[in-house]
Amino acid sequence: MKVMKVTLLSAVAVGFLFGGSAPKAYPAGEVGRMVKLGEDIMAHTNTHPLTKDMVGNHLACKSCHLNGSDGKAGTADGIGTFIGTATSFPAYSKREKTVQTLQDRINNCFMRSMNGKRPIIDTEASVAMAAYVTWLSDGMPMHMDTKRPCSPKNSSRWAKNAKKFAGIQKKATHANYVNGKKLFEAKCASCHGKNGAGMGTFPPLWGKDAKGGWLAYNTGAGMSKLNKGAAWVQSNMPLGQGGTLKDQEAADIMLYVDAQPRADFDLKKGLFPAAKMGYYNSKVLKEHHSVRSNFKAFGLDVSKIRGDKVIK
Ligand code: HEC
Ligand code: HEC
């Protein structure tokens with residue numbers, strides 16, 4: 001009888017942890033106002049008056065932290081869910097070699113995935129986004145992560161899939177790129193456009209807008225890494241059909257997508273001048289990535305993969 005009770009309880013706990021939806025009611029008073037503000041920012045990050053100046057592309061947080069059936073950013077169940085994320089923080093991050101708060105982690109997506117600048121953590125926008133993400137873990141047990149700055153659910157999935165896809169991408173050739181282009185045009189272009197520029201509410205994946213501004217994530221973003229991008233896409237795309245792409249298909253599609261033009265990542269450009277910014281919580285103060293260096297990280301030459309014509 002005692003054993004049964006324990007099993008039942010842990011089944012309920014697991015169901016709650018991985019359930020994939022926001023709590024039913026907003027918190028009362030000022031906390032509730034901040035949670036709602038954070039939710040609004042996540043859905044309109046590049047146009048919201050409090051964050052638009054910190055964004056350098058045409059994406060919102062919900063472009064990658066997808067809406068679940070409740071219509072809220074980050075409640076979808078795939079890789080990148082925010083359900084459970086706040087339970088892991090403060091958490092260690094190998095990239096910065098420091099212990100990161102949830103606000104620090106959010107700021108990393110601003111300067112990489114959003115190709116922008118780190119919001120100042122004392123601002124209402126920064127606190128509101130952290131309040132929203134924290135609300136999505138309300139009632140869940142805390143477990144600060146000593147290895148990775150992500151939720152218990154994302155942590156295992158990122159680590160396992162990134163490793164799997166790294167093995168696949170290291171063997172990539174021009175033939176995989178050609179196959180990736182073909183698959184992209186068949187399975188993705190109907191929403192994201194053949195030129196990757198997005199269409200209407202479907203977000204862009206690469207390239208520039210008419211004014212010369214970058215449309216999508218830069219080369220410092222998780223999505224720009226051949227293994228992590230494939231892991232995210234296999235879990236979440238095509239929209240509503242996550243989990244349908246075979247390993248080699250997801251790998252080839254992202255080999256193609258991540259070989260297209262996107263902004264170089266220069267850590268310094270993501271920081272406000274020191275006087276305004278205050279302290280930047282990282283021991284790594286120099287970082288630079290390009291499409292070329294992201295391919296080199298897997299032992300690949302992007303020119304050969306793309307089959308670029310050599311101009312002498
Ligand atoms: C282009 C896609 C993309 C966009 C846009 C994006 N993110 Fe992320 N985000 C990611 C990826 C990929 C990861 C995991 C990366 C890793 O582990 O290397 C992540 C991780 C996170 C995490 C840790 C979550 C966890 O449990 O793993 C938080 C918090 C977060 N992002 C917040 C934000 C916020 C807030 C915004 C908007 C300002 C945003 N992100 C925009 C792709 C994106
Ligand atoms: C039915 C339309 C549809 C199809 C087909 C589709 N996507 Fe998406 N995709 C979306 C939407 C919509 C979002 C953003 C979610 C949101 O804003 O709510 C998205 C987000 C993304 C993102 C992260 C945001 C960004 O712009 O960088 C990537 C990467 C992506 N899709 C890749 C793909 C790939 C690769 C395929 C093909 C395997 C694909 N998608 C097929 C609709 C689609």
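Note that the structure is predicted; figures quoted are calculated from it, not measured.

A.B. asks: Explain the overall build of the protein to me, please; I cannot follow it from the model alone.
C.D. replies: A count of helices and strands for the protein gives 12 helices and 4 strands. What you see for the protein is a C-alpha radius of gyration of 20 Å, in line with the 20 Å of a compact globule of 312 residues. By its C-alpha atoms, the protein is 70 × 55 × 40 Å across when sized along the principal axes. Within the protein, the proportion of its 312 residues that are buried is 51%.

A.B. asks: Which parts of the structure should I look at to understand the side chain of Ser-93?
C.D. replies: Mapped onto the elements, Ser-93 comes out in strand β1 (residues 91-93). There is a polar contact of 3.3 Å between the side chain of Ser-93 and the backbone nitrogen of Arg-95. Discounting residues that sit within four places of it in the chain, Ser-93 has contacts with Thr-98, Gln-100 and Pro-149.

A.B. asks: Looking at this structure, how should I read the pattern of salt bridges?
C.D. replies: A pair can form between side chains of opposite charge whenever their charged atoms are brought close. If you walk through the whole model with that rule in mind, you get 11 salt bridges. The partner of Glu-30 in a salt bridge is Arg-33, with the nearest N and O atoms 2.8 Å apart. Of this pair, Glu-30 and Arg-33 both sit in helix α2 (residues 29-43), 3 residues apart, which is roughly one turn of that helix. The closest approach of N and O atoms between Asp-77 and Lys-153, which form a salt bridge, is 2.8 Å. Remark: Lys-153 occurs in helix α5 (residues 152-169) and Asp-77 occurs in the loop between α2 and β1; sequence separation between them is 76 residues. On the basis of relative accessible area, Asp-77 is assigned to the partly exposed category, the value being 38%. Connected via shared salt-bridge partners are Glu-30, Arg-33 and Glu-124.

A.B. asks: For this particular structure, what's the right way to read the site of ligand 2?
C.D. replies: By nearness alone, 23 residues border ligand 2, and Cys-188, Cys-191, His-192, Pro-204 and Met-237 come closest of all. Contact distances for ligand 2 include 2.8 Å between a nitrogen atom and a side-chain N or O atom of His-192. In this structure, an oxygen atom belonging to ligand 2 sits 2.5 Å away from a main-chain N or O atom of Pro-204. Within the residue set of the shell around ligand 2, elements represented by two or more residues are α7 (189-192) and α8 (226-236).

A.B. asks: What is the right way to look at the domain arrangement of the protein in this model?
C.D. replies: Interface extent is often summarised as the accessible area lost during association of the parts. Examined at the domain level, the protein breaks down into domain 1 (24-135) and domain 2 (152-306). Distance between the C-alpha centres of domain 1 and domain 2: 20 Å. Taken residue by residue, the interface counts 32 residues in domain 1 and 38 residues in domain 2. In total, domain 1 and domain 2 occlude about 2900 Å² of area from one another, counting both sides; carbon and sulfur atoms represent 55% of this. Ranking the residues of domain 1 by area buried against domain 2 places Ile-79, Arg-112 and Arg-118 at the top, with a combined share of 26%. One can count 24 residue pairs in polar contact (both at pLDDT 80 or more) joining domain 1 with domain 2. Every element with two or more residues in the side of domain 1 that touches domain 2 is listed here: β2 (98-100) and α3 (102-111).

A.B. asks: Could you clarify how one ought to interpret the site of ligand 1 in this entry?
C.D. replies: Near ligand 1, the surroundings consist of 25 residues, among which Cys-61, Cys-64, His-65, Cys-109 and Cys-150 are the closest. A distance of 2.8 Å is found between a nitrogen atom of ligand 1 and a side-chain nitrogen or oxygen belonging to His-65. Contact between ligand 1 and Asn-154: an oxygen atom at 2.9 Å from a side-chain N or O atom of the residue. Listing elements by their share of the shell around ligand 1, those giving two or more residues are α3 and α5. Here the element with the most residues in the shell around ligand 1 is α3; it accounts for 5 residues.

A.B. asks: Please clarify how a positive patch on the surface should be interpreted in this entry.
C.D. replies: A surface patch of positive charge is lined by Lys-94, Lys-97, Lys-147, Arg-148 and Lys-228. In this fold, Lys-97 is placed in the loop between β1 and β2.

A.B. asks: Which parts of the structure should I look at to understand the coordination of the iron atom of ligand 2?
C.D. replies: Ideal coordination angles are 109.5 degrees for a metal with four donors arranged tetrahedrally and 90 or 180 degrees for a metal with six donors arranged octahedrally. On the protein side, the iron atom of ligand 2 has His-192 (NE2) and Met-237 (SD) as donor atoms, found 2.0 to 2.3 Å from it. What the 6 donor atoms of the iron atom of ligand 2 show is an angle range of 87 to 179° at the metal, which sorts the shape as octahedral. Of this pair, His-192 sits in helix α7 while Met-237 is found in the loop between α8 and α9 (247-257), placing the two residues 45 residues apart along the sequence. Residue His-192 is classed as buried on the basis of its relative accessible area, which comes to 12%.

A.B. asks: Can you help me understand the nonpolar core in this one?
C.D. replies: Buried together is how nonpolar side chains tend to be arranged in soluble globular proteins. Ranked by internal contacts, the top residues of the largest apolar core, which has 42 residues, are Phe-184, Trp-232, Val-257 and Phe-295. The dominant element in this core, judged by the number of residues it contributes, is α9, at 7 residues. If you count residues domain by domain, this core takes at least three from each of domain 1 (24-135) and domain 2 (152-306). Each residue touching Phe-184, except ones within four places of it in the same chain, is listed here: Ala-189, His-192, Gly-193, Lys-194, Leu-205, Trp-206, Ile-253, Tyr-256 and Val-257. Formed by 36 residues, the second largest nonpolar core is a distinct cluster that contains Ala-73, Met-129, Val-133 and Leu-136.

About the thresholds
Residues numbered from 1 in each chain as written. Chains lettered and ligands numbered in written order. Predicted model: local features only at pLDDT ≥ 70, side-chain atom pairs only at ≥ 80, totals over all residues. Heavy atoms only, no water. Helix = DSSP H or I, 4+ residues; strand = E, 2+ residues; numbered from the N terminus. Rg over C-alpha atoms; globule rule 2.2 N^0.38 Å. Buried < 20%, exposed > 50% of the residue type's maximum accessible area, 1.4 Å probe, protein only. Polar contact = N/O pair within 3.5 Å; in protein donor to acceptor, adjacent residues only side chain to side chain. Contact = heavy atoms within 4.5 Å. Salt bridge = Lys/Arg side-chain N within 4 Å of Asp/Glu carboxyl O. Near = heavy atom within 4 Å. Domains from an automatic or database assignment. Buried area = accessible area lost by both parts, 1.4 Å probe. Patch = residues over 30% accessible without salt bridge, like charges linked within 9 Å, V, L, I, M, F, W, Y side chains within 5 Å. Areas by Shrake-Rupley, 256 points an atom, 1.4 Å probe, with all protein chains shown as cover. Lys, Arg positive; Asp, Glu negative; His and termini not counted. Charge placed at Lys NZ, Arg CZ, Asp CG, Glu CD. Donors = N, O, S within 2.8 Å, 3.2 Å for Na, K, Ca; no water. Tetrahedral: all angles 85-135°; square planar, octahedral: opposite > 155°, others 65-115°. Core = buried A, V, L, I, M, F, W, Y, C linked by side-chain atoms within 4.5 Å.

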